[in-house]
Amino acid sequence: MRLFPAVLLCIAVLLNLVTPVHLTFIGLFVAAPLIAAAIDTPRITLATAVATIAITTPFLTVVNEPPNLSVTERWVLVSTVVVVSGLALAVNAVVTAAQRRMASALGIAEIVQRAVVPPPPSRTGPLRIAARYRSAQRGTLVGGDLYATQETSFGTRLIVGDVSGKGLGAAATVAVVLGAFREWSTHEPDLARLAWRLEEALLRENRRMHLLDPEEGFVTAVLAEIPHSAPDRLHAVCCGHPPPLLLPPGRPPRYLPVPESAPPLGLGREPEVLKGDVQRTDFLPGTFLLLYTDGVTEARNALGEFYDPATALEGRAFHDPDDLADALTADIIAHTGGALRDDAAILAVHHTPNPP
């Protein structure tokens, strides 16, 4: 695209040389600086404008001889090219200023996003952890996906969630959920009670700040725990969220079965109901644990087929959680052709056989 203005100028010159002298193709000449203004830097736009004027002037005054045009009328055509080139420079100045403002806003948003959803530590106890976030739209300031890890006296606790909706309301909801998770995960010994604490905090802040849509607002989440008392066990509770995926060494990947009736957070549930949603399974050394948002499982290819991480990752070996997270991200991009419909957050955990 950056070469397109130069190609237009070359085509215009060639057509002026091989066609009758009364044809000038002035439209191709004036299009070149306008296109450069929209897609290139001020310096390149200026160079394109100068080149357009320098090339067009001899064609309109000497080389071409449009019938019934006086010298004054020919110079009026040259002035038209000059004016359009000047307008191109003005347009480019506006576009450049807008790009700078957007870059500044994106930089601020990235800082805020990292403050609200910071990268997790790469290691905690026998666990190695990696996180990835893939936005569905370039230039999106604020997303609604979240993840966090917390080392507590009860064990290592993890959360991955997805807020319905986008924008500032989603970002505020992310802050509420993660704040409640970091606070209560160190005080609440029971994982079901921890999920209820998140529910309680979300409902309270939603009443005060109206964070969620009153009809369709909710937060899906999965909470996982590797207890200190049983480091080879995994406890998890899903609240309307895709189930965790386990990749045991030498065996095919498998999803952790979760109750299909478990609703998302923000709809109001009693803590006793959540107790029946906690699932427990072996988490032996060498096993990978994959937590993710529905941007992964709802990624579609050109045929409309959903991406299935268990099928895609079967038979593949990974050195560490970064390797797994990168492979999964690359798979999603390849599956969708880069056209994600929803943000995708990934938290990969490896139970290392020989922790340092």
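The following paragraphs examine the structure supplied in this document. Computed from a predicted model, the values in this text were never measured in an experiment. (Residues numbered from 1 in each chain as written. Predicted model: local features only at pLDDT ≥ 70, side-chain atom pairs only at ≥ 80, totals over all residues. Heavy atoms only, no water.)

### Quick notes on the overall build of the protein chain
Okay, step 1: Helix and strand counts for the protein chain stand at 10 helices and 11 strands.
Okay, step 2: Counting the 356 residues in the protein chain, one finds 45% classified as buried.
Okay, step 3: Long-range contacts, defined as pairs at least 24 residues apart, comprise 71% of the intrachain contacts of the protein chain with a sequence gap of at least 6.
Okay, step 4: As presented, the protein chain carries roughly 17600 Å² of accessible surface, and 61% of it is formed by carbon and sulfur atoms. (Helix = DSSP H or I, 4+ residues; strand = E, 2+ residues; numbered from the N terminus. Buried < 20%, exposed > 50% of the residue type's maximum accessible area, 1.4 Å probe, protein only. Contact = heavy atoms within 4.5 Å. Areas by Shrake-Rupley, 256 points an atom, 1.4 Å probe, with all protein chains shown as cover.)

### Comments concerning the pairing of strand S4 (residues 155-163)
Okay, step 1: Judged by how many residues are buried, S4 sits mostly within the fold: nine of nine residues are covered.
Okay, step 2: Relative to S4, strand S3 (residues 145-151) is paired through seven bridges, and the arrangement is antiparallel. By the bridge assignment, Thr149 is partnered in S4 with Leu158.
Okay, step 3: Here nine bridges tie S4 to strand S5 (residues 219-227), and the two strands are oriented antiparallel to one another. Residue Thr156 lies in a different strand from S5, and its bridge partner there is Ile226. (Pairing = 2+ DSSP bridges.)

### A short note on the sheet that holds strand S2 (residues 127-134)
Okay, step 1: Strand order in this open sheet of six strands is S1-S2-S11-S10-S7-S8, and the pairing throughout is antiparallel. Every other strand in the sheet has two partners, leaving strand S1 (123-124) and strand S8 (254-255) as the edge strands with one partner each.
Okay, step 2: Relative to strand S11 (residues 344-351), S2 is paired through eight bridges, and the arrangement is antiparallel. Within S11, the position partnered with Arg132 by the bridge is Ile346.
Okay, step 3: In this fold helix H10 (residues 321-336) packs onto S2, strand S7 (245-247), strand S10 (288-292) and S11, with an angle of close to 25° to the strand it touches most, S2. (Axes fitted to C-alpha atoms, helices over the stretch in contact; angles between N-to-C directions.)

### Some details on unusual backbone geometry
For residues other than glycine, phi is negative in most cases, and the peptide bonds are mostly trans.
Okay, step 1: A positive phi angle, close to 55°, is found at His210, a residue other than glycine.
Okay, step 2: Relative to the helices and strands, His210 is located in the loop between helix H6 (191-209) and S5.

### Looking at a nonpolar patch on the surface
Okay, step 1: Where nonpolar side chains cluster on the molecular surface, the patch consists of Met1, Leu3, Phe4, Val7, Ile11 and Ile39 and spans about 590 Å² of accessible area.
Okay, step 2: If you tally residues by element for the nonpolar patch, the top one is helix H1 (residues 4-18), at three residues.
Okay, step 3: By secondary structure assignment, the location of Met1 is in the segment before H1.
Okay, step 4: Residue Met1 is classed as exposed on the basis of its relative accessible area, which comes to 71%. (Patch = residues over 30% accessible without salt bridge, like charges linked within 9 Å, V, L, I, M, F, W, Y side chains within 5 Å. Salt bridge = Lys/Arg side-chain N within 4 Å of Asp/Glu carboxyl O.)

### Overview of the pattern of salt bridges
Okay, step 1: Under the defined criterion, the tally for this structure stands at 11 salt bridges.
Okay, step 2: Residue Arg132 pairs with Asp326 through a salt bridge whose shortest N-O separation is 2.8 Å. Pair noted here: Arg132 is in strand S2 and Asp326 is in helix H10, with a separation of 194 residues, a long-range link.
Okay, step 3: For Asp326, a relative accessible area of 40% puts it in the partly exposed group.
Okay, step 4: Salt-bridge contacts for Arg197 lead to Glu188; the nearest nitrogen and oxygen are separated by 3.0 Å.
Okay, step 5: We classify Arg197 as buried; its relative accessible area is 17%.
Okay, step 6: What emerges from the salt-bridge pattern is a single network uniting Glu188, Arg193, Arg197 and Glu200.

### Let's talk about the side chain of Asp145
Okay, step 1: Tracing the sequence through the fold places Asp145 in strand S3.
Okay, step 2: The class of Asp145 is buried, set by a relative accessible area of 2%.
Okay, step 3: Within the structure, Asp145 has its side chain in polar contact with the side chain of Thr293 (distance 3.0 Å).
Okay, step 4: A polar side-chain atom of Asp145 sits 3.5 Å from the main-chain amide nitrogen of Ala345.
Okay, step 5: In this view, Asp145 contacts Val117, Tyr133, Gly161, Asp162, Val174, Thr293, Asp343, Ala344 and Ala345; residues no more than four positions away in its chain are not counted. (Polar contact = N/O pair within 3.5 Å; in protein donor to acceptor, adjacent residues only side chain to side chain.)

### So, the sheet that holds S5
Within a beta sheet, neighbouring strands are joined by backbone hydrogen bonds and run either parallel or antiparallel to one another.
Okay, step 1: With antiparallel pairing, five strands are arranged side by side in an open sheet as S3-S4-S5-S6-S9. Each edge of the open sheet is held by one strand with a lone partner, namely S3 and strand S9 (278-282). Across the sheet, the axes of successive neighbouring strands diverge by a mean angle of 15°, strand direction being ignored.
Okay, step 2: As paired elements, S5 and strand S6 (residues 233-239) share five bridges and run antiparallel to each other. Within S6, the position partnered with Glu225 by the bridge is His235.
Okay, step 3: Contacts from H6 reach S4, S5, S6 and S9 within the one sheet, and its direction differs from that of S5 by about 150°.

### Thoughts on the state of the cysteines
Okay, step 1: Across all of its chains, the model carries zero disulfides by this definition.
Okay, step 2: Left without a disulfide partner, Cys238 is nearest to the cysteine sulfur of Cys239, which lies 7.4 Å away. (Disulfide = S-S within 2.5 Å.)

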